[in-house]
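Take a look at the letters that make up each chain.
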Amino acid sequence: MVLRSKTELTSQQNQAQLMQIQKKAAKVANVKTVLSPAVLRNYAQKNRVAYFTLIFKNKTITTKQTNQLKRLADKFRNQQLEVELSGISSKIEVSELPEIIGVAIAFIILTITFASFALAGLPIISAILGLVTGLGGIFYAAKFWNVESYDLALAAMISLAVGIDYALFLVARYREELTKQSKNAAIKQTLITTAPAVLFAATTIIVALLSMSALKIGFLGIMGAVSALSVALVVLLTLIIVPSLLLLLPISLAPKRATTKLRPAKFFAGIVSKRPLIVIIMVLIILFTAAIPVKELNLGLPNDGSKQPNTTERKAYDIKQKAYGAGSDAVLVAVTKTKIHKPQKS
């Protein structure tokens with residue numbers, strides 16, 4: 001429980017309030033002991049910032065205990081004294097709005113690209129059906145694993161991405177083949193040429209997601225596993241649904257006429273085939289340049305500093321960072337191993 005006062009917390013009036021907070025905190029369910037700022041000697045910013053440490057009997061703080069602590073903080077919080085909480089149980093709110101906006105933007109771009117609502121809507125429909133199927137598989141897996149809400153959010157984002165992407169591969173290739181031959185022949189050629197590439201790309205994603213379990217961190221392993229399951233179901237459904245819908249839709253394209261228009265892909269392929277060494281060097285230069293910021297990259301699990309500014313956890317984090325310095329909330333683990341010798345009997 002982080003405290004920040006406009007006056008010194010060591011004053012007689014504030015000390016009386018701190019005693020009341022300590023007594024009330026000790027009555028919270030399953031609290032083993034309450035360590036006061038005086039015991040911890042953590043007064044800072046001219047004695048205007050300090051914090052209590054509550055040690056619980058249970059390993060994980062429950063929602064009931066969190067609610068009790070929030071009521072306690074609200075009771076003592078006033079214009080002179082700010083009381084915030086750190087390390088409490090909080091639910092992660094997951095919004096579907098970004099995915100909805102992304103799908104809408106994708107539909108607009110595909111409509112402009114294909115100049116057809118039917119062709120633009122097909123990858124979106126396929127991705128949504130795949131997403132529903134993938135989430136259904138995850139809900140079934142939740143019977144055996146402890147799946148968190150953010151696992152579903154990650155799986156949904158990846159499923160939508162690969163669903164639209166792989167359906168787009170099939171649609172674009174079918175559209176090209178349709179200018180040369182009949183519908184049935186175009187579908188056959190599309191599946192022969194594009195389906196293996198789709199399966200290979202999906203396999204690499206699934207392997208990458210499953211490799212998260214190599215970190216031996218429980219929730220990351222489950223996150224990767226459920227996302228991989230969702231991707232597998234999305235790809236399977238895409239290869240079944242998209243070719244069927246392409247045959248059912250009334251799409252007909254006239255054969256392409258010979259044109260001298262410059263094609264970027266063909267132009268780039270010509271450069272690569274003529275000057276492969278120069279292309280490799282240029283690509284490496286670009287990659288190394290883009291990788292320069294990596295040397296400043298710091299990795300770690302998110303803490304209360306990544307939460308919304310209006311939450312009590314973030315307020316407590318900001319107070320402690322300002323009062324005690326950056327990294328004051330970081331956990332330092334020291335492991336020692338000693339050999340204990342039993343005393344010899346005389």
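Structure shown above.
About the criteria used
- Residues numbered from 1 in each chain as written.
- Predicted model: local features only at pLDDT ≥ 70, side-chain atom pairs only at ≥ 80, totals over all residues.
- Heavy atoms only, no water.
- Helix = DSSP H or I, 4+ residues; strand = E, 2+ residues; numbered from the N terminus.
- Rg over C-alpha atoms; globule rule 2.2 N^0.38 Å.
- Buried < 20%, exposed > 50% of the residue type's maximum accessible area, 1.4 Å probe, protein only.
- Contact = heavy atoms within 4.5 Å.
- Patch = residues over 30% accessible without salt bridge, like charges linked within 9 Å, V, L, I, M, F, W, Y side chains within 5 Å.
- Areas by Shrake-Rupley, 256 points an atom, 1.4 Å probe, with all protein chains shown as cover.
- Salt bridge = Lys/Arg side-chain N within 4 Å of Asp/Glu carboxyl O.
- Phe/Tyr/Trp six-rings, centres within 6.5 Å; stacked < 30°, edge-to-face > 60°.
- Axes fitted to C-alpha atoms, helices over the stretch in contact; angles between N-to-C directions.
- Parallel < 35°, antiparallel > 145°, perpendicular 65-115°, else oblique.
- Left-handed = near helix turned anticlockwise from the far one by under 90°.
- Nonpolar A, V, L, I, M, F, W, Y, C, P; charged D, E, K, R; others polar.

Participant: Account for the overall build of the protein chain, naming residues and giving values.
Facilitator: Looking only at helices and strands, the protein chain features 11 helices and 5 strands. Expected size for 346 residues packed as a compact globule is a radius of gyration near 20 Å; at 30 Å, the protein chain overshoots this value by more than 25%. Expressed along its principal axes, the backbone C-alpha trace of the protein chain runs to roughly 90 × 50 × 45 Å. Burial statistics for the protein chain: of 346 residues in total, 32% are counted as buried. Partitioning the contacts of the protein chain with sequence separation of at least 6, the portion at a separation of at least 24 is 68%.

Participant: Lay out a nonpolar patch on the surface in plain terms, naming residues and giving numbers.
Facilitator: A surface patch of nonpolar side chains, amounting to about 480 Å² of accessible area, comprises Leu97, Ile100, Ile101, Ile105 and Ile109. Note on placement: Ile101 falls in helix H4 (residues 97–114).

Participant: Outline the packing of aromatic side chains, supporting the account with residue identities and numerical values.
Facilitator: Under the definition given, this model contains 3 aromatic pairs. Judged by centre distance (5.6 Å) and plane angle (85°), the ring pair of Tyr51 and Tyr324 falls under edge-to-face. With Tyr51 in strand S3 (residues 49–51) and Tyr324 in helix H11 (residues 312–324), the pair connects residues that are 273 residues apart, well separated along the chain. The class of Tyr51 is partly exposed, set by a relative accessible area of 22%. Between Tyr140 and Phe144, the ring centres sit 5.5 Å apart and the planes meet at 70°, which makes this aromatic pair edge-to-face. Each of the two residues, Tyr140 as well as Phe144, counts as exposed.

Participant: Tell me about the pattern of salt bridges, residues and numbers included.
Facilitator: For the structure shown, the criterion picks out 7 salt bridges. With a shortest N-O distance of 2.9 Å, Arg4 and Glu82 are connected by a salt bridge. Linking Arg4 in strand S1 (residues 2–5) with Glu82 in strand S5 (residues 81–84), this pair joins segments that are 78 residues apart in sequence. Of the charged contacts in the structure, one is a salt bridge between Arg314 and Asp318, with a shortest N-O distance of 3.2 Å.

Participant: So what's going on with unusual backbone geometry? Which residues, and what values?
Facilitator: Positioned with a positive phi, Asn30 is a non-glycine residue whose angle comes to about 65°. Examined against the element boundaries, Asn30 turns out to sit in the loop between helix H1 (12–26) and strand S2 (31–35).

Participant: Give a description of the side chain of Thr66 that names residues and reports values.
Facilitator: The residue Thr66 is located in helix H3 (residues 63–76) in this model. The class of Thr66 is buried, set by a relative accessible area of 1%. Leave out the neighbours within four places in its chain, and Thr66 touches Ile61, Ile88 and Ser89.

Participant: Account for the packing of H1 against H3, with residues named and values stated.
Facilitator: Two elements in contact, H1 and H3, have axes whose closest approach is 11 Å; the angle formed by their N-to-C orientations is 160°. Considered as vectors, H1 and H3 are oriented roughly antiparallel to each other. Crossing hand, H1 versus H3: right-handed. Facing H1, whose interface residues are Gln17, Gln20, Ile21, Lys24 and Ala25, H3 presents Leu72, Lys75 and Phe76. Looking at side-chain class alone, the contact of H1 with H3 contains 4 nonpolar, 2 polar and 2 charged residues.

Participant: Outline the environment of Lys46, listing residues and values.
Facilitator: Mapped onto the secondary structure, Lys46 falls in the loop between helix H2 (37–40) and S3. Note: C-alpha distance between Lys46 and Thr10 (36 residues apart in sequence) is 9.7 Å.

Participant: So what about the packing of H4 against helix H5 (residues 117–141)? Which residues, and what values?
Facilitator: Remark: H4 packs on H5, axes separated minimally by 8 Å, with the N-to-C direction vectors making an angle of 145°. Once H4 is placed against H5, the crossing between them reads as right-handed. Counting all contacts with H4, which are made through Val103, Ala106, Phe107, Leu110, Thr111 and Phe114, the residues of H5 involved are Phe117, Leu119, Ala120, Gly121, Pro123 and Ile124. When grouped by side-chain class, the residues that make up the contact of H4 with H5 number 10 nonpolar, 2 polar and no charged.

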